[in-house]
Protein chains: 2
Amino acid sequence: MTTFATREDCARADLQDPLAPFRERFVIPEGVIYLDGNSLGAMPVDAPARAAEVVTQEWGQGLIGSWNKHGWFDMPSRLGDLLSPVIGGHAGQTVVTDTTSINLFKALAAALTIQEADNPGRRVIISERDNFPTDLYIIEGMTAFLDRGYQIKLIGQDADTLEDLLDEQVAAVALSHANYRTGALWDMAAVTAQVHDAGALMIWDLCHTAGALPIELSACNVDFAIGCSYKYLNGGPGAPAFIWVSEAHQNRFWQPLSGWWSHRAPFEMSPKYDAADGIQRFLCGTQPITSMAMAECGFKIAAEVDQAELRRKSLALTDLFIELVEATCGDHPLTLITPRSHRDRGSHVSFRLPEGYAVVNMLVSRGVIPDYREPEVIRIGVTPLYLRYVDVWDAVAILADILATGAWDTEERRRRGAVT
Amino acid sequence: MTTFATREDCARADLQDPLAPFRERFVIPEGVIYLDGNSLGAMPVDAPARAAEVVTQEWGQGLIGSWNKHGWFDMPSRLGDLLSPVIGGHAGQTVVTDTTSINLFKALAAALTIQEADNPGRRVIISERDNFPTDLYIIEGMTAFLDRGYQIKLIGQDADTLEDLLDEQVAAVALSHANYRTGALWDMAAVTAQVHDAGALMIWDLCHTAGALPIELSACNVDFAIGCSYKYLNGGPGAPAFIWVSEAHQNRFWQPLSGWWSHRAPFEMSPKYDAADGIQRFLCGTQPITSMAMAECGFKIAAEVDQAELRRKSLALTDLFIELVEATCGDHPLTLITPRSHRDRGSHVSFRLPEGYAVVNMLVSRGVIPDYREPEVIRIGVTPLYLRYVDVWDAVAILADILATGAWDTEERRRRGAVT
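Below is a summary of the structure that appears in this document. (Residues numbered from 1 in each chain as written. Chains lettered and ligands numbered in written order. Predicted model: local features only at pLDDT ≥ 70, side-chain atom pairs only at ≥ 80, totals over all residues. Heavy atoms only, no water.)

Looking only at helices and strands, chain A has 13 helices and 15 strands in total. On C-alpha atoms alone, chain A measures out to a radius of gyration of 22 Å, which is about the 22 Å that the 2.2 N^0.38 rule sets for 420 residues. In terms of overall dimensions, chain A has C-alpha extents of about 70 × 60 × 40 Å along its principal axes. With 420 residues in all, chain A has 66% of them scored as buried. Once local pairs closer than 6 in sequence are excluded, the contacts in chain A between residues at least 24 apart make up 73%. For chain A, the centre of its 35 positive side-chain charges and the centre of its 54 negative side-chain charges are spaced 3 Å apart. (Helix = DSSP H or I, 4+ residues; strand = E, 2+ residues; numbered from the N terminus. Rg over C-alpha atoms; globule rule 2.2 N^0.38 Å. Buried < 20%, exposed > 50% of the residue type's maximum accessible area, 1.4 Å probe, protein only. Contact = heavy atoms within 4.5 Å. Lys, Arg positive; Asp, Glu negative; His and termini not counted. Charge placed at Lys NZ, Arg CZ, Asp CG, Glu CD.)

This brings us to the relation of the copies chain A and chain B. Superposition of chain A onto chain B requires a rotation of 180 degrees combined with a translation of 0.0 Å along the rotation axis, giving an RMSD of 0.0 Å. Such a combination of rotation and displacement between the chain copies is what one expects of a two-fold axis. Taken together, the interface assignments show that 100% of the residues at the interface of chain A recur at the interface of chain B, consistent with an identical surface on both copies. (Least-squares fit on C-alpha atoms with pLDDT ≥ 70 in both.)

Residues and elements named next belong to chain A. For strand E5 (residues 124–128), a buried count of 5 out of 5 residues is recorded, marking the element as mostly surrounded by other parts of the structure. Alternating residues of E5 divide into Val124, Ile126 and Glu128 and Ile125 and Ser127, and every residue in both groups is buried. Note: E5 against strand E6 (residues 151–155), 5 bridges, orientation parallel. The partner of isoleucine 126 across the bridge, within E6, is lysine 153. Where the polypeptide runs from E5 across helix H6 (residues 133–146) and back to E6, its parallel neighbour, the crossover connection is right-handed. Note: E5 against strand E7 (residues 170–176), 3 bridges, orientation parallel. Across the sheet, the residue bridging to isoleucine 126 is valine 173, located in E7. (Pairing = 2+ DSSP bridges. Right-handed = clockwise from strand over helix to strand, strands pointing away.)

Evaluation of the coordinates by the stated rule reveals 29 aromatic pairs over all chains. With centroids separated by 5.1 Å and ring planes inclined at 75 degrees, the aromatic side chains of tyrosine 357 of chain A and tyrosine 372 of chain A adopt a geometry described as edge-to-face. Of the two residues, tyrosine 357 of chain A is situated in helix H12 (residues 356–365) and tyrosine 372 of chain A in strand E14 (residues 371–373); the sequence distance between them amounts to 15 residues. Neither residue differs from the other here; tyrosine 357 of chain A and tyrosine 372 of chain A are each classed as buried. Through successive ring pairs, a cluster of aromatic residues spans Trp67, Trp72, Phe73, Trp260, Trp261 and Phe267 of chain A together with Phe132 and Tyr180 of chain B. (Phe/Tyr/Trp six-rings, centres within 6.5 Å; stacked < 30°, edge-to-face > 60°.)

Next up on the list: the interface of chain A and chain B. On the chain B side, the residues contacting the 85 residues of chain A number 86 residues. When chain A packs against chain B, close to 7,700 Å² is buried across both sides, 71% of that on carbon and sulfur atoms. Taken as a group, Trp59, Tyr137 and Phe145 of chain A account for 12% of the area that chain A buries against chain B, more than any other trio of residues on that side. At the junction of chain A with chain B, the criterion picks out 2 salt bridges. (Buried area = accessible area lost by both parts, 1.4 Å probe. Salt bridge = Lys/Arg side-chain N within 4 Å of Asp/Glu carboxyl O.)

Moving on to the packing of helix H5 (residues 100–118) of chain A against H6 of chain A. All names here are of chain A. Relative to each other, H5 and H6 sit at 50 degrees, their axes nearing to 10 Å. Judged by the angle between their axes, H5 and H6 are oblique. In this structure, H5 crosses over H6, and the sense of that crossing is right-handed. Counted together, Ser101, Leu104, Phe105, Leu108, Ala109 and Leu112 of H5 and Thr134, Asp135, Ile138, Ile139, Met142 and Leu146 of H6 form the full contact between these two elements. Of the residues that constitute the contact of H5 with H6, the class distribution is 9 nonpolar, 2 polar and 1 charged. (Axes fitted to C-alpha atoms, helices over the stretch in contact; angles between N-to-C directions. Parallel < 35°, antiparallel > 145°, perpendicular 65-115°, else oblique. Left-handed = near helix turned anticlockwise from the far one by under 90°. Nonpolar A, V, L, I, M, F, W, Y, C, P; charged D, E, K, R; others polar.)

Let us now look at the pattern of salt bridges. Counted according to the given criterion, the structure contains 50 salt bridges over all chains. Close ionic contact of lysine 272 of chain A with glutamate 140 of chain B constitutes a salt bridge, the shortest N to O distance being 3.0 Å. Linking lysine 272 of chain A in the loop between helix H9 (247–250) and helix H10 (289–302) with glutamate 140 of chain B in helix H6 (residues 133–146), this pair reaches from one chain into another. The class for glutamate 140 of chain B is buried, based on a relative accessible area of 11%. For aspartate 401 of chain B, the salt bridge is made with arginine 366 of chain B, and the minimal N-O distance between the two is 2.7 Å. Remark: arginine 366 of chain B occurs in the loop between helix H12 (356–365) and strand E13 (368–369) and aspartate 401 of chain B occurs in helix H13 (residues 389–405); sequence separation between them is 35 residues. Judged by relative accessible area, which is 34%, aspartate 401 of chain B ranks as partly exposed. The structure contains a network of salt bridges with shared partners spanning Arg264, Asp274, Asp277 and Arg281 of chain A.

Attention now moves to the packing of helix H1 (residues 7–16) of chain A against helix H13 (residues 389–405) of chain A. All names here are of chain A. Orientation of H1 relative to H13, taken along the N-to-C sense of each, is 155 degrees, at an axis distance of 7 Å. On the basis of the axis angle, H1 is roughly antiparallel to H13. Note on element contacts: H13 touches H1 through Tyr389, Val390, Trp393 and Asp394, opposite Arg7, Cys10, Ala11, Ala13 and Asp14. Within the contact of H1 with H13, the residues separate by chemical class into 6 nonpolar, no polar and 3 charged.

All right, on to H10 of chain A then. Residues spaced three or four apart along an α-helix face the same direction, because each turn holds 3.6 residues. For H10 of chain A, with 14 residues, the first-to-last C-alpha span of 20 Å sits near the 20 Å given by 1.5 Å per residue. Counting buried positions over the 14 residues of H10 of chain A gives 13, a clear majority of the element. (Expected span 1.5 Å × (residues − 1).)

All right, on to H6 of chain A then. Residues and elements named next belong to chain A. Taking 1.5 Å per residue as the helical rise, H6 with its 14 residues ought to reach 20 Å, and the 20 Å between its terminal C-alpha atoms agrees with that figure. Counting buried positions along H6 yields 13 of 14 residues, so the element is predominantly enclosed. Backbone geometry just after H6 places aspartate 147 at a positive phi near 55 degrees.

Residue and element names in this part refer to chain A. The strand order across the open sheet formed by 4 strands is E11-E12-E15-E14, and the pairing between neighbours is antiparallel. Unpaired on one side and paired on the other, strand E11 (335–336) and E14 mark the two borders of the sheet. Pairing geometry for E14 and strand E15 (residues 377–381), over 3 bridges, is antiparallel. Of the residues in E15, the one forming a bridge with aspartate 371 is arginine 379. Here H12 sits on the sheet in contact with E14 and E15, set at roughly 165 degrees to E14.

Written out as structure tokens, the structure reads:
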């Protein structure tokens with residue numbers, strides 16, 4: 001744990017921070033301390049010019065010819081290849097396409113299809129009660145639709161631990177690498193090995209870790225990974241998501257969302273489906289090019305970042321946030337729900353506070369933007385590419401002031417409507 | 001049939017054209033006659049400013065708050081409500097989301113689930129061999145994944161006509177309203193009634209008709225319709241697609257792509273899926289906002305158009321194209337593959353020509369941009385909002401000149417790579 005006794009200590013840490021120059025690559029609005037980059041990452045400085053180019057020039061002037069001339073067709077693969085090393089993969093393992101939910105559907109469909117061929121009879125899918133809900137809803141939707149006896153078992157509901165649920169009935173395990181609410185981090189290598197030992201396939205949701213900390217999908221022998229592009233990857237609002245697939249599985253599976261972009265020769269217009277080889281098989285339909293272009297701006301930055309350095313700063317900032325809150329807001333009923341151990345912590349810090357929703361509103365009114373998550377959770381996203389040590393100091397000072405005055409907004413709690 | 005003996009006749013028709021002012025709402029590059037608006041519609045004049053606003057202001061400055069403040073959450077419904085009247089529906093029947101392929105998956109899953117409840121045992125899905133391939137691939141993908149005895153029967157392969165295939169085994173029929181290659185148009189009212197008489201459900205793909213001609217989904221008692229936004233609706237490259245669902249079916253079905261945006265209360269973060277009522281149920285995950293904003297620019301124009309007037313001009317222009325080609329290119333082996341009858345024609349005209357690919361390349365080099373579709377088809381998209389009678393005159397004059405010189409490019413035929 002570092003110790004920052006004064007704001008000057010923070011300013012000094014910023015001066016010595018090797019990642020500090022990255023802040024200049026993003027637009028941070030004047031007077032804002034942005035602690036919600038794990039809902040929607042900040043805008044890269046290059047994004048407006050690229051938006052103008054893709055709309056005015058490529059669409060407006062280039063029209064249909066831009067599909068080839070400006071590389072629109074290749075965007076899912078090009079962006080995938082750019083992103084792959086950031087998550088511990090290489091070219092040909094990732095495509096950027098569709099949404100996290102839909103990519104989970106593809107990954108799970110692939111996992112179940114492979115298991116039905118290799119290990120018939122396995123009919124259990126494991127996830128976690130506290131997983132981000134859309135993951136659970138997709139698993140539920142698929143099992144209901146298939147209607148052939150798949151059961152969902154949840155850690156934290158059907159048993160306390162993964163070990164308690166892993167047996168020879170399990171086809172696949174789908175977990176989020178970092179918990180969207182608490183920031184608790186699974187040990188990817190250990191869990192993947194444990195899942196494989198039980199004969200199951202492993203799907204990781206990287207929404208809250210891709211671009212936030214080092215990930216080693218290949219080294220961990222992961223089977224499938226999915227995630228979104230609009231949090232720590234700064235891809236813009238609702239930017240297309242990604243799917244990473246181990247080479248071992250890419251050509252085995254004929255996925256049900258088999259749109260023409262996954263065809264071996266889409267422009268031959270054959271009435272018969274013939275799956276492309278490789279990661280291309282996990283595409284489906286035509287992608288939203290303007291939003292893809294925004295994602296590329298964020299990915300280009302992510303590809304330059306030293307992930308170990310990113311992790312060091314992320315942990316230093318989350319440590320600092322916890323330290324300062326506990327030192328200055330100690331009289332208030334703030335309960336840390338994020339693991340204190342570095343090993344078990346992602347890149348955000350969450351506190352439970354009975355008046356959390358009202359406090360978040362007051363913070364926002366003073367330019368500090370965290371996130372609120374039911375129930376009663378203040379979530380502090382730490383995005384080391386553009387967050388400074390002084391920002392953490394100032395944010396906690398404002399939080400402490402709000403708590404000390406007791407003057408937080410008493411308006412009725414309502415959905416704030418931020419997207420995780 | 002109109003008769004235009006001279007270019008001046010065309011110029012006169014343009015002066016009298018009630019739709020002529022719409023051309024000013026789009027950017028048409030200097031020196032270009034754009035005949036591929038049915039692959040990628042032209043850019044609305046408002047699009048660049050809107051792109052700058054959504055990127056620079058809403059994302060860059062508004063950050064996470066823009067989900068509420070700038071109505072990002074409501075975009076799928078807001079755009080759906082804007083589009084619905086254009087296709088003969090009303091508010092609450094359409095959402096703009098995902099891709100055509102994925103929306104077909106949802107619609108077909110809904111249709112099959114409803115039939116399994118109401119008419120168990122029906123295990124045939126009918127489509128058409130000449131349907132746009134992605135529709136066939138999605139049907140194929142779903143039946144393989146479900147693995148419970150669904151069979152696909154194709155008009156033009158398993159029988160010559162729809163009547164020959166319709167029986168008490170049929171669960172659903174999925175057809176494209178206008179054929180992407182020939183422009184042949186199905187009679188939506190008659191076919192839908194025929195399908196219902198056989199106890200099946202009807203899914204229409206409107207990719208080549210939405211925004212091109214009057215569609216009456218409600219009046220025709222259609223069950224489901226899907227389509228893309230980037231052709232005649234001018235929504236921008238890869239703009240999110242739409243799905244329209246009859247109220248009779250909206251709340252009956254629990255769709256398998258059940259992501260959190262289809263949940264009754266997505267921000268309660270319940271681990272249990274609880275489907276939203278209404279068309280919201282057909283959403284899945286977070287949508288690409290920048291591309292959605294571009295789609296809205298196109299839809300706003302579409303919503304202002306008198307659809308009957310649009311149809312009159314579309315038919316006049318396709319008539320004119322056919323007339324002029326046959327009058328001036330008569331010595332060449334151009335074979336019209338588009339129906340001559342107005343009743344059976346969509347909004348494009350296609351000719352088969354052995355050297356079609358090379359001729360298309362020469363046209364493009366002279367500023368005339370049609371589309372090429374395997375095998376040997378020159379496809380002329382007629383977009384009455386920005387195409388003029390003089391454009392048709394000039395395009396055919398250039399085509400006739402290319403054919404007369406015999407000097408078309410002899411480069412090896414290769415995929416041109418335009419997106420339908």
